[in-house]
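Structure assessment
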Protein chains: 2
Amino acid sequence: MMFSKSFGYALRGILYLGMSDEAKPWIQLDEIAQELAVPRHFLGKVMKKLVKDGVLNSQKGPYGGFCINENTLKTSLLKLMEITGEVEENGVCVLRLRKCNALNPCPMHHQIESLRRQWQALLASTFIGDLIRKDQPGFINSIAAI
Amino acid sequence: MMFSKSFGYALRGILYLGMSDEAKPWIQLDEIAQELAVPRHFLGKVMKKLVKDGVLNSQKGPYGGFCINENTLKTSLLKLMEITGEVEENGVCVLRLRKCNALNPCPMHHQIESLRRQWQALLASTFIGDLIRKDQPGFINSIAAI
DNA sequence: CATATAAAAGACAACATTGTCTTTTATTCG
DNA sequence: CGAATAAAAGACAATGTTGTCTTTTATATG
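Because the structure is predicted, anything quoted here is derived from the model rather than measured.

What follows is about the interface of chain A and chain B. Put simply, an interface is often sized by how much accessible area is lost when its parts join up. On the chain B side, the residues contacting the 40 residues of chain A number 40 residues. For the pair chain A and chain B, the summed buried area comes to about 3,900 Å², and 69% of that belongs to carbon and sulfur atoms. For the pair chain A and chain B, the number of links is zero salt bridges. Viewed at the interface, chain B and chain A are joined by four residue pairs in polar contact (both at pLDDT 80 or more). Secondary-structure elements contributing two or more residues to the side of chain A that touches chain B are helix H1 (5–19), helix H5 (109–125) and helix H7 (139–144) of chain A. In terms of residue count, the dominant contributor to the side of chain A that touches chain B is H5 of chain A (seven residues).

Let's shift gears to the pairing of strand E2 (residues 65–68) of chain B. Residue and element names in this part refer to chain B. Looking at chain direction, strand E1 (residues 56–59) and E2 are connected through four bridges and run antiparallel. Directly across from Asn57, in E2, lies its bridge partner Cys67. Joining the antiparallel neighbours E1 and E2 is a turn of five residues, in which Gly61 adopts a positive phi near 80 degrees.

It is worth spelling out the packing of aromatic side chains at this point. By the definition in use, this model includes six aromatic pairs over all chains. Plain terms: the ring middles of Tyr9 of chain B and Phe42 of chain B are 5.8 Å apart, the flat faces sit at 80 degrees to each other, and that makes the pair edge-to-face. Here the residue Tyr9 of chain B occupies a position in helix H1 (residues 5–19), and Phe42 of chain B occupies one in helix H3 (residues 40–52), the gap between them amounting to 33 residues. The rings of Phe3, Phe7 and Trp119 of chain A are connected pair by pair, giving a single aromatic cluster.

One copy of the chain maps onto the other through a rotation about an axis plus a displacement along that axis. Between the two copies, chain A and chain B, the superposition gives an RMSD of 0.1 Å; the rotation angle is 180 degrees and the shift along the axis is 0.0 Å. Such a combination of rotation and displacement between the chain copies is what one expects of a two-fold axis. Relative to the rotation axis, the C-alpha of Met1 of chain A is the closest in chain A, positioned 2.2 Å from it. Taken as a fraction of all interface residues of chain A, those also at the interface in chain B reach 100%, which identifies the copy contact as same-surface.

The next point concerns the protein's contact with DNA strand C. What surrounds DNA strand C is a group of 28 residues, the closest being Ser6, Tyr9 and Pro62 of chain A together with Leu29 and Ser58 of chain B. Sugar and phosphate atoms constitute 65% of the interface atoms of DNA strand C, taking the interface as everything within 4 Å of the protein. Between DNA strand C and Lys45 of chain A, the relevant distance is 2.9 Å, taken from a base oxygen to a side-chain nitrogen or oxygen of the residue. Here a phosphate oxygen of DNA strand C and a backbone polar atom of Leu29 of chain B are 2.8 Å apart. Residue assignment for the surface near DNA strand C shows that the elements contributing at least two residues are H1 and helix H3 (40–52) of chain A together with H3, E1 and E2 of chain B. Per-element accounting of the surface near DNA strand C gives the leading share, four residues, to H3 of chain B.

Oppositely charged side chains can pair when the atoms bearing their charge come close. Residue and element names in this part refer to chain A. Under the defined criterion, the tally for this structure stands at six salt bridges over all chains. Note that Lys24 and Glu31 form a salt bridge whose closest N and O atoms lie 2.8 Å from each other. On the accessibility criterion, Lys24 (39% relative accessible area) is partly exposed. Under the relative-accessibility criterion, Glu31 is labelled partly exposed at 24%.

Conventions we followed
- Residues numbered from 1 in each chain as written.
- Chains lettered and ligands numbered in written order.
- Predicted model: local features only at pLDDT ≥ 70, side-chain atom pairs only at ≥ 80, totals over all residues.
- Heavy atoms only, no water.
- Contact = heavy atoms within 4.5 Å.
- Buried area = accessible area lost by both parts, 1.4 Å probe.
- Salt bridge = Lys/Arg side-chain N within 4 Å of Asp/Glu carboxyl O.
- Polar contact = N/O pair within 3.5 Å; in protein donor to acceptor, adjacent residues only side chain to side chain.
- Helix = DSSP H or I, 4+ residues; strand = E, 2+ residues; numbered from the N terminus.
- Pairing = 2+ DSSP bridges.
- Phe/Tyr/Trp six-rings, centres within 6.5 Å; stacked < 30°, edge-to-face > 60°.
- Least-squares fit on C-alpha atoms with pLDDT ≥ 70 in both.
- Near = heavy atom within 4 Å.
- Buried < 20%, exposed > 50% of the residue type's maximum accessible area, 1.4 Å probe, protein only.

Written out as structure tokens, the structure is:
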């Protein structure tokens, strides 16, 4: 019940862009990495993936950088996890037993089942847009704090 | 919301011992690894840790092997995770932000909080003994199935 | 005591994730 | 067009987890 570092970087990068002043159309990797205190080049790779998957836009050259687009706020956390490479573990047994199911449950099956459903539901129904709080003054601080 | 392989091996190894015929006091690594279809030497390392932490007993030499002891059934899954090296993530923010807390929550804080509490509670209050079903004929199958 | 047995221990390889550095490509602007 | 800028891409290192193999240690038995 923990996200990968890639996921965390991706989410925080996106939120940083989402919170940025719209007067400045493109935000550079340098600024994002510095503000979030995150390894620059690694973040670059993650951002690249997000661009490839259409979750963000990017622009090369002077005054270029990254910005959100029409998909960004509608992107679910589940989608984000897929992009950042979290394994697809929808029906997979927590103990990785292939034959585990309701009829032939592994010892953990019943204990875990409900929590996993809640977890999946949360990831699928929470969108980037839900996480942005433009009205909250400490918001940027809360994603920058490391 | 997934256990490490080490954890899975440990749990299944313990349960295998817990289900074994008590007429045979010690069970060898060879048998366990084969029955559970698990890498033998890697399992050996995991079992060694369990012995060191007093969750299992072991005996070298001919007719030696592993067996459960007075602690085994009373061991919680949380304890098992600690032994198998799952990081201690009790108060840690899911995004690994150090300054995240109820007063200065990260964007995921409220969404996750309740689920994490349930997860922690489940791990702390589920014991090895709770997972053994001596009455259930398919039980061994359910931990052997890979 | 000698031998066989089985865990314990240690060395090392495969693999994935994370992180750093350099080169390439695209774009803006003078 | 030429220079500067910034993302894209690629090479490679550090680290952690998982897996394999070999050697050492302890113990039971003849």
